[in-house]
Amino acid sequence: MEAPTVVRKRVVVSGTVQGVFFRDTCRRVALAQGVVGWVRNLPDRRVEAVFEGADGPVQRLVDWARHGPEQATVAHLDIHDEQPEGLSGFTIRETPRA
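Residues numbered from 1 in each chain as written. Predicted model: local features only at pLDDT ≥ 70, side-chain atom pairs only at ≥ 80, totals over all residues. Heavy atoms only, no water.

What is the right way to read the nonpolar core from this model?
The nonpolar side chains of soluble globular proteins are, as a tendency, buried together. Counting 20 residues, the largest nonpolar core has Val11, Val13, Phe22, Cys26 and Phe51 as the members making the most contacts within it. Broken down by secondary-structure element, the contributors of at least two residues to this core are strand E1 (6-16), helix H1 (22-33), strand E3 (47-54) and helix H2 (55-65). Here this core gets five residues from one element, more than from any other, and that element is H2. Those residues within four positions of Phe51 in sequence are excluded, and the remaining contacts are Val7, Arg8, Lys9, Val11, Cys26, Val35, Val36, Val58, Leu61, Val62 and Phe90. (Core = buried A, V, L, I, M, F, W, Y, C linked by side-chain atoms within 4.5 Å. Buried < 20%, exposed > 50% of the residue type's maximum accessible area, 1.4 Å probe, protein only. Helix = DSSP H or I, 4+ residues; strand = E, 2+ residues; numbered from the N terminus. Contact = heavy atoms within 4.5 Å.)

Written as structure tokens, this is what we have:
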């Protein structure tokens, strides 16, 4: 049986997405879907996340990011296809310096 193709998507989420448990909920949803990657707040109040895994589960994470957790209000979602890096686990990263 052939191994599933690994895809990677980077999403940048705008709106009311910080201070609403976006990162922690994203991590829990990713782990439940078997998707690896990371999520972090950005200094400009957006959230950035990278999802790697099989196409279906990664697409489910992208679809989830369109609305986020209950407290979030997503105004816009930028989606970028990238080359997989072979990440393991799913982490919450530090906010980069502005």
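Picking up where we left off.
Would you explain the sheet that holds E3 in this entry?
Backbone hydrogen bonds are what pair the strands of a sheet, in a parallel or an antiparallel way. The strand order E4-E1-E3-E2-E5 describes an open sheet built from five strands, whose pairing is mixed. Each edge of the open sheet carries a strand with a single partner, namely strand E4 (73-82) and strand E5 (90-92). Across the sheet, the mean angle from the axis of one strand to that of its neighbour is 15°, orientation sign disregarded. Pairing geometry for E1 and E3, over eight bridges, is antiparallel. Across the sheet, the residue bridging to Arg10 is Val50, located in E3. Strands in contact with H1 are E1, strand E2 (36-41), E3, E4 and E5; relative to E5, the strand with the most contacts, it is inclined by about 175°. H2 rests against E1, E3 and E4 of the sheet, and its axis sits at about 160° to E3. (Pairing = 2+ DSSP bridges. Axes fitted to C-alpha atoms, helices over the stretch in contact; angles between N-to-C directions.)

Just to check I follow, could you spell out the pairing of E3 for this structure?
Buried residues dominate E3, accounting for seven of its eight residues. When E2 meets E3, the two strands line up antiparallel, connected through six bridges. Opposite Trp38, over in E3, you have Val50 as the bridge partner. Connecting the antiparallel pair E2 and E3 is a turn made up of five residues, with Arg45 showing a positive phi of about 80°.

What's the story with the pairing of E1 in this structure? I'm lost.
A regular strand places its side chains so that they alternate between the two faces of the sheet. Where E1 and E4 come together, nine bridges link them in antiparallel fashion. Each bridged residue has a counterpart across the sheet, and for Ser14 the counterpart in E4 is His76.

How should I be thinking about the environment of Ile92 in this particular structure?
Within the element layout of this structure, Ile92 appears in strand E5. For Ile92 and Ala75, which are 17 residues apart along the polypeptide, the C-alpha to C-alpha distance reads 22 Å. Not counting residues up to four positions away in its chain, the partners in contact with Ile92 are Arg23, Asp24, Arg27 and Val39.

Got a minute to help me understand the packing of H1 against H2 in this structure?
Describing two packed helices takes the angle between their axes plus the distance from one axis to the other. Close contact between H1 and H2 brings their axes to 10 Å; oriented N to C, the two are set at 155°. Between H1 and H2, the interaxial angle falls into the category roughly antiparallel. Relative to H2, the crossing made by H1 is right-handed. Residues Phe22, Thr25, Cys26, Val29, Ala30 and Gln33 of H1 form the contact with H2, whose own contacting residues are Pro57, Arg60, Leu61, Trp64 and Ala65. Classifying every residue of the contact of H1 with H2 by side-chain character gives eight nonpolar, two polar and one charged. (Parallel < 35°, antiparallel > 145°, perpendicular 65-115°, else oblique. Left-handed = near helix turned anticlockwise from the far one by under 90°. Nonpolar A, V, L, I, M, F, W, Y, C, P; charged D, E, K, R; others polar.)

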